[in-house]
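If you want the building blocks of each chain, they are given just below.
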Amino acid sequence: MRVAAQAGRLAAAERDQQHGGGRMNGPLRGIHVNAWTTATDWTLRRARPALVKSLDWSPDWARAIREYDIRVFIIRKWADDDSSLVPSPAAAAERLWRRFAADFGRMQAALADTPATVYLETPWNEVHQETPDQLARLAEANVRFVELAHTAGWKALVGNFSVTWPLVDHFPAFVPALAVADGYSHHEYWMPGQLLPGEWTARAGLLYATLPADCPRPPVYVTECGIDNVAGTRPPNQYGWRSYPRPDAAYVVELDAFAASQPPSVAGLTVFNCGEVGTRWKSFELAESGPVADWLAAGPREWEDESGHEMPPAEEVPVSKTNPFGYIVGDGFVTKADELGWVVLSDELYHDPADRSDPARTAFSECFCDQGRLYYHAATGVVAVPFAS
């Protein structure tokens, strides 16, 4: 398994100061809420996140949006008990809409006068995502769901795919849903010290690069993310970040690197999870973590759309084969990646020595590519380190 190095919080902050504004502020930082509990209340009060996704429809979210200055609110109905697409994808969408229509109407009325941007996320969760045929049928269901949502006055997110899915070369089968949606969502998880950009995380740029030039590229929301048992090597009760014997600050470093690695099309991310009835997801719980809450609070309040998702035809906008997503890296990295035929998948990450009084400890920088990592040090220049095969 490849090990992806992490960027420190100081490096990200220094880079933001150097470049200022725009996408360097990164995506909105938020929380995923399974249930409103004292844990949820604690986190909202401490973090005041700009973004919230909720599966709990019972709280007074209109009050919470105003009180905690929530800028984007995503809400989804749990429908995992009825996720089939029979007798047809369109009929399945209509069935689920009828099932939840009363709740949709009540929530829409409650949120009507709030200042937040509100999205209704597709009810299909991490299903029908493994083959082009499945994606085509899911796209058909989502198209009908979006039509119903728009008719009722909602903005709608489509996708809701799990980590690593769909495969990049299958993604064009989902184009019909992207063409009508207001946003796209998927989930990204990793294991400690192993972000694996392009494989487990930071996938939106790769997925969007497969689309036809005239296909809309709506804003992306990573509506679940965090440390998880992605490799399947741990028991079920030891999946989340709290099951690893590390300080909370170590998780913050990884969250920072994760946010910094996202391509410009990503508008926001919601860290899983806050608030749980039962014990299934306790190892993911964010509440009572001051460092995590403070990281959420330090995030941007607005997302500046520099993703170019309203793209003109490709021939009018020359796209670099080495750096097609426009990551901010030095010319030496671009030159080396071009020589090797690699694709740049992250901004340049800077690492300063912890002890500047020791002259033997010197700074270096790196960036991630699809086939390895590029390092720069003043003594060596740019050096390529391919991933182990």
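Keep in mind that this is a model prediction, so the values were computed, not measured.

(A) The arrangement of the sheet that holds strand S4 (residues 117-121) in detail. Pairing in this closed barrel of eight strands is parallel, and the strands run S1-S2-S3-S4-S5-S6-S7-S8 around the ring. Within the sheet, the average angular offset between the axes of one strand and its neighbour, ignoring direction, is 25°. Where strand S2 (residues 51-54) and strand S3 (residues 72-75) come together, four bridges link them in parallel fashion. By the bridge assignment for S3, Val52 is matched with Phe73.

(B) A look at unusual backbone geometry. Omega for the peptide link from Val86 to Pro87 comes to 0°, which places this bond in the cis form. On the secondary structure map, Pro87 appears in the loop between S3 and helix H4 (89-111). Residue Trp165 is joined to Pro166 through a cis peptide bond whose omega torsion reads -5°. Mapped onto the elements, Pro166 comes out in the loop between strand S5 (155-161) and helix H6 (175-180). Positioned with a positive phi, Glu126 is a non-glycine residue whose angle comes to about 55°. Structurally, Glu126 is set in the loop between S4 and helix H5 (132-151). A relative accessible area of 31% places Glu126 in the partly exposed class. In this model, Leu196 sits at a positive phi of 45°, which is unusual for a non-glycine residue. Relative to the helices and strands, Leu196 is located in the loop between strand S6 (183-190) and helix H7 (204-209).

Conventions adopted
- Residues numbered from 1 in each chain as written.
- Predicted model: local features only at pLDDT ≥ 70, side-chain atom pairs only at ≥ 80, totals over all residues.
- Heavy atoms only, no water.
- Pairing = 2+ DSSP bridges.
- Helix = DSSP H or I, 4+ residues; strand = E, 2+ residues; numbered from the N terminus.
- Axes fitted to C-alpha atoms, helices over the stretch in contact; angles between N-to-C directions.
- Buried < 20%, exposed > 50% of the residue type's maximum accessible area, 1.4 Å probe, protein only.

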